[in-house]
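# Close look at the chain arrangement
Each chain, letter by letter, is given below.
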Amino acid sequence: MTDTAMTEVLAGEPNHHGYRTFQLGEFAFERDEYFAYVRWPTGTHTMSVDAFLRAAQRDVAWNFFYGTVNFDNVVGTVNHYGNVDLFAGSFNEAYRKAELDHLENFPHEQILGTFRSMLDDWTNEGFDPFAAPEETRTAWGDKSGNNTEAITRRRVTASRMVGVPGDEPIRTDETHPVNRMFADVDQSQPEIYAEPGFEDQVCAFNLFGYLSRSDVTWNPSIVSVCKDSLYCPTTEEYILPIIHGNDRVEWFVQLSDQIEWEVADKVTGKLRARVTMKAGDVAAMPADIRHQGYSPKRSMLLVWENGSAELPELIATGKAPTYPVDI
Ligand code: PHB
Ligand code: FE
């Protein structure tokens, strides 16, 4: 048993591959050279460990995000904003029918502490769960070193807007070199001519240039905030490591290149749509779906979130619709 600063983490001695086994309620997590195993009283599940770590990384970095974070079609978490469900098979019709599903609720800090420790213990030197597969070494093998610096990266969360005095800085060559796939992106900054006396209040920055310098994939950062309206652009390459089950409507604006989205029912997982978004396309993802994106080339996506704390309840009780507009 080890302690983190926040809460008690139940971790066993390292197994013969060097990895600790973690316990959360009646769930147990174990890894070996290639796989992560999740066990619960009525079942067991195996995931490729690279996919598991990429998913766990998002869940931890996003504080369990909005609604459901499915690691795959069996295991995942539901954020209740203060406490979190950990489930296996609960949103999978076959597991439900066979009564093999299992769900437990944990205080936010307990599950976050355990996932953080597990991610740190299971991530080897050189493997970066945030990076595109082409830009990282592998997750495989017996335990060797760690990559704490990569997995504890701080997500950009502007309180007003990137570039505004006192807020997140605009990226530079020194801290964020342009990604290999965005070498052609214009790096010039807007010219600002403020009225005298308003120099500190009028700001602008080159969002494409900013995104071209992102060293992570599938990790929306908050670049601007206006009340509950959050602009969360991100750079995408390969596969969104989680299948997100929305608890509110999200708008997607495809800023460059192309992403294919697989959209399924949030509860059953039954396929609903396949959406190909090309540069300039806009889509609203409803509140009753799960979705996963595939980006063959690094692309830029703007995720527009409504951060209102009231939305999940309004939608769950039918007081607000699951879709944004009647056409
Ligand atoms: C989403 O679930 O809406 C989502 C998550 C991460 C991304 C993009 C979209 O990078
Ligand atoms: Fe989503």
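If you're wondering where the values come from, they're calculated on a predicted model, not measured in any experiment.

The next thing to look at is the layout of surface pockets. Estimates place the volume of the largest pocket at around 460 Å³. As for the largest pocket, its lining consists of 24 residues, and the residues nearest its centre are Val-60, Ala-61, Trp-62, Asn-63 and Arg-116. Of all the elements in the fold, those that place two or more residues in the lining of the largest pocket are α1 (49-61), α3 (108-122), α4 (148-151), β12 (229-239) and β18 (289-306). Class assignment for the residues of the lining of the largest pocket results in 13 nonpolar, five polar and six charged. Structurally, the lining of the largest pocket is a two-domain feature, drawing no fewer than three residues from each of domain 1 (3-151) and domain 2 (180-215 + 217-316). As a volume, the second largest pocket reaches approximately 360 Å³. Looking at the second largest pocket, it is lined by 24 residues, and the ones nearest its centre are Arg-154, Val-156, Arg-171, His-176 and Asp-215. The element contributing the most residues to the lining of the second largest pocket is β12, with three residues. When the residues that make up the lining of the second largest pocket are grouped by side-chain class, the tally is nine nonpolar, nine polar and six charged.

As a further point, take the domain arrangement of the protein chain. Parsing the protein chain into structural domains produces domain 1 (3-151) and domain 2 (180-215 + 217-316). The straight-line distance from the C-alpha centre of domain 1 to that of domain 2 is 25 Å. Opposite the 23 residues of domain 1 that make contact, domain 2 presents 27 residues. Of the roughly 2,200 Å² buried where domain 1 meets domain 2, counting both sides, 51% is carbon and sulfur surface. A per-residue breakdown of the area domain 1 buries against domain 2 is headed by Tyr-66, Asn-70 and Phe-91, which together make up 27% of the total. Taken together, domain 1 and domain 2 are joined by three salt bridges. For the salt bridge of Arg-180 with Glu-135, the shortest nitrogen-to-oxygen distance reads 2.3 Å. Between domain 1 and domain 2 we count 15 residue pairs in polar contact (both at pLDDT 80 or more) in total.

What counts and what doesn't
Residues numbered from 1 in each chain as written. Chains lettered and ligands numbered in written order. Predicted model: local features only at pLDDT ≥ 70, side-chain atom pairs only at ≥ 80, totals over all residues. Heavy atoms only, no water. 1 Å grid on protein atoms, 1.4 Å probe; cavity = no way out; pocket = protein on both sides within 12 Å on 5 of 7 lines; lining within 4 Å. Points joined across faces, edges and corners; volume = space filled by probe spheres on them. Helix = DSSP H or I, 4+ residues; strand = E, 2+ residues; numbered from the N terminus. Nonpolar A, V, L, I, M, F, W, Y, C, P; charged D, E, K, R; others polar. Domains from an automatic or database assignment. Contact = heavy atoms within 4.5 Å. Buried area = accessible area lost by both parts, 1.4 Å probe. Salt bridge = Lys/Arg side-chain N within 4 Å of Asp/Glu carboxyl O. Polar contact = N/O pair within 3.5 Å; in protein donor to acceptor, adjacent residues only side chain to side chain.

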